[in-house]
Amino acid sequence: MLPALDLDYVRAQFPALAGDWVFFDNAGGSQTLVTVAERISDYLLTSNVQLGASYAVSQQSGARVRDAHLSIAELIGAARPDEIVMGPSTTALMYTLAAALAEEIAPGDEIVVTDTDHEANIGPWLKLAEQKGAVVKTWAVRPETLELELADLDALMTPRTKLVCFTHASNILGTINPVAEITRFVHERGARVVVDAVALAPHRAVEVAAWDVDFYIFSFYKVYGPHHAVLYGKYDHLLALPSLNHFFIGRDVVPYKLQQGNVNYELSVGCTAITDYMVELGGRTGSRTDRRGQILAGFDAIAQQEEQLAERLLSFLRGRNSVRIIGNPSADRGRRVPTISFIAENHRSDEVVTRVDEHRIGIRYGDFYARRLIEKLDLTRHAGVIRVSMVHYNTVAEVDRLVEALDRIL
């Protein structure tokens, strides 16, 4: 067993957890670290000026924003801070990336998407393909296993394949896809990868350089921070992209050329608290001393805690004949995150969720913008799935409270 997470410390960092509600809609948006809010406030109240001037406060402000790029690079294992492009959301950054990649796509080129992704990693590529006369192919999940198989991807790829766009973890199925293996497979065939990491980043350590991914995107408001997001790109890839900023902002001005109108200063500064929190979590396990090692150790402790939570709920669901788990029924931390979807055969999903509301427990129903997957699995007639999305600050007692409510309802 790994060192246990210090839950008393963890929960003290999230003021919202002191209230009456149990938050199990974390895949829609996690609670926010108090230190994130404090840094946003401090920036706005002490150094909220435009960057690039000669006077001291502007210099201080610029340093804080530069430090934000350094901090996020450290958090995700990037080689350099100018590989960090920030923006308002994953969807917005996907469209930014698609616009920038447009000059590299020719008629007849191919883009592969999956049918398990959030629409953020499908829609921009469909539109790009339509604009450029490219071909979109779908890497389909196997209905019997609800997993993506490399053999199926191999059958889709040709010398014209330019991009393979897939999710690191499904926000419906909870399945973790083997990013390093898929990336290596795609690179061997001459294409690049675009990875949506929104459903993975709150739960597992991100190591973009080690995995050799080309582009990797997620939102911080799912990772205990503000409504802000990051696009990682290998430096050489970013350098080759055209500028989407003002005409005098050249191709070599990375990442500013992709941050139209510049980045949000205060939210970027606020995100530095996420990195420091992960370092602190790892430090409390006593297992590593360097900051990157502490981040990895912190996420190891998170994974262990979340596996316990997932097993508590999944064991209940597995025991109900009227319930169908949509995804892997195992809580194995190596195979899934604790985002758990299911349907109740005798109840519409919206009916179950609204009855859970009465117990002051926040869960959710619907398609979660993975509508293509929900339609493929014929789950629209149920009003989509019931989704319980847990994170490390949740407790076994909270899961038991949900199980008790579901036991009455189902």
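The rules behind the values
Throughout this document, residue positions are counted from 1 along each chain, in the order its sequence is written. The predicted origin of the model limits local features to residues at a pLDDT of at least 70 and limits the giving and counting of side-chain atom pairs to 80 or more, whereas totals for whole chains, interfaces and linings rest on all residues. The basis for every side-chain value is the complete set of heavy atoms in the structure, and neither hydrogens nor water enter the calculation. Points on a 1 Å grid, built from protein atoms alone, make a cavity when a 1.4 Å probe fits but cannot get out and make a pocket when they are open with protein on both sides within 12 Å along at least 5 of 7 lines; residues with an atom within 4 Å of a point are the lining residues. Grid points are joined across faces, edges and corners, and a volume is the space filled by probe spheres set on the points. Lys, Arg, Asp and Glu make up the charged group, whereas Ala, Val, Leu, Ile, Met, Phe, Trp, Tyr, Cys and Pro make up the nonpolar group; the residues left over, Gly among them, are polar. Starting at the N terminus, helices and strands are each numbered in turn, a helix being any DSSP run of H or I of at least four residues and a strand any DSSP run of E of at least two. Only protein chains enter the accessibility calculation, which uses a 1.4 Å probe; a residue whose area is less than 20% of its type maximum is buried, one above 50% is exposed, and one in between is partly exposed. Domain delimitation follows an automatic or database domain assignment. A contact between two residues is defined here by any heavy atoms of the two lying within 4.5 Å. Note on definitions: buried area is the accessible-area loss of two parts on being combined, 1.4 Å probe, summed for both. Here, a salt bridge means any Lys or Arg side-chain nitrogen found within 4 Å of an Asp or Glu carboxyl oxygen. Here a polar contact is taken to be a pair of N or O atoms separated by no more than 3.5 Å, where protein atoms must pair a possible hydrogen donor with a possible acceptor and residues adjacent in sequence count only if both atoms sit in side chains. Whether two strands pair depends on DSSP finding at least two bridges between them. As a rule, the C-alpha atoms of each element are fitted with a line to give its axis, helices using only the stretch in contact, and angles between N-to-C directions run from 0 to 180 degrees.

- As recorded in an unreviewed UniProt entry, the protein goes by Cysteine desulfurase-like protein and comes from Skermanella aerolata.

### Overview of empty space enclosed by the protein
- In this structure the tally under the stated criterion is three cavities of 30 Å³ or more.
- Of the volumes computed, that of the largest cavity is approximately 50 Å³.
- Tallied by class, residues from the lining of the largest cavity come to three nonpolar, five polar and one charged.
- A per-class count over the lining of the second largest cavity returns seven nonpolar, no polar and no charged.

### Let's talk about unusual backbone geometry
- The residue after V254, namely P255, is reached through a cis peptide bond having omega 5°.
- Looking at the element boundaries, P255 is found in the loop between α9 (235-240) and α10 (265-285).
- The phi dihedral of Y224 is positive, around 70°, even though this residue is not glycine.
- Locating Y224 in the fold gives a position in the loop between β7 (215-219) and β8 (229-233).
- The backbone of N262 sits at a positive phi, close to 80°, despite the residue not being glycine.
- Under the relative-accessibility criterion, N262 is labelled partly exposed at 24%.

### Some thoughts on the domain arrangement of the protein
- Taken domain by domain, the protein consists of domain 1 (7-32 + 304-409) and domain 2 (37-274).
- Domain 1 and domain 2 are separated by 27 Å when their C-alpha centres are compared.
- Contact residues are listed per partner, giving 35 residues for domain 1 and 29 residues for domain 2.
- Together domain 1 and domain 2 conceal approximately 2500 Å² of surface at their shared face, both sides included; 54% is due to carbon and sulfur atoms.
- Interface area lost by domain 1 to domain 2 is led by V337, R372 and L373, which between them contribute 24%.
- Where domain 1 packs against domain 2, one counts four salt bridges.
- The residue R335 makes a salt bridge to E147 at a minimum N-O spacing of 3.3 Å.
- In this assembly, domain 1 and domain 2 are joined by 20 residue pairs in polar contact (both at pLDDT 80 or more).

### Here's the deal with the sheet that holds β8
- Pairing within the open sheet is mixed, and its seven strands lie in the order β2-β8-β7-β6-β5-β3-β4. Bordering the open sheet on either side are β2 (84-87) and β4 (135-139), each of which pairs with just one other strand. The mean angle between the axes of side-by-side strands here comes to 20°, regardless of whether they run parallel or antiparallel.
- As paired strands, β7 and β8 are joined by five bridges and run antiparallel to one another. For F218, the partnering residue across the bridge sits in β8 and is V230.
- Contacts from helix α4 (residues 90-101) reach β2, β5 (161-167), β6 (192-196), β7 and β8, with the element oriented near 155° to β7.

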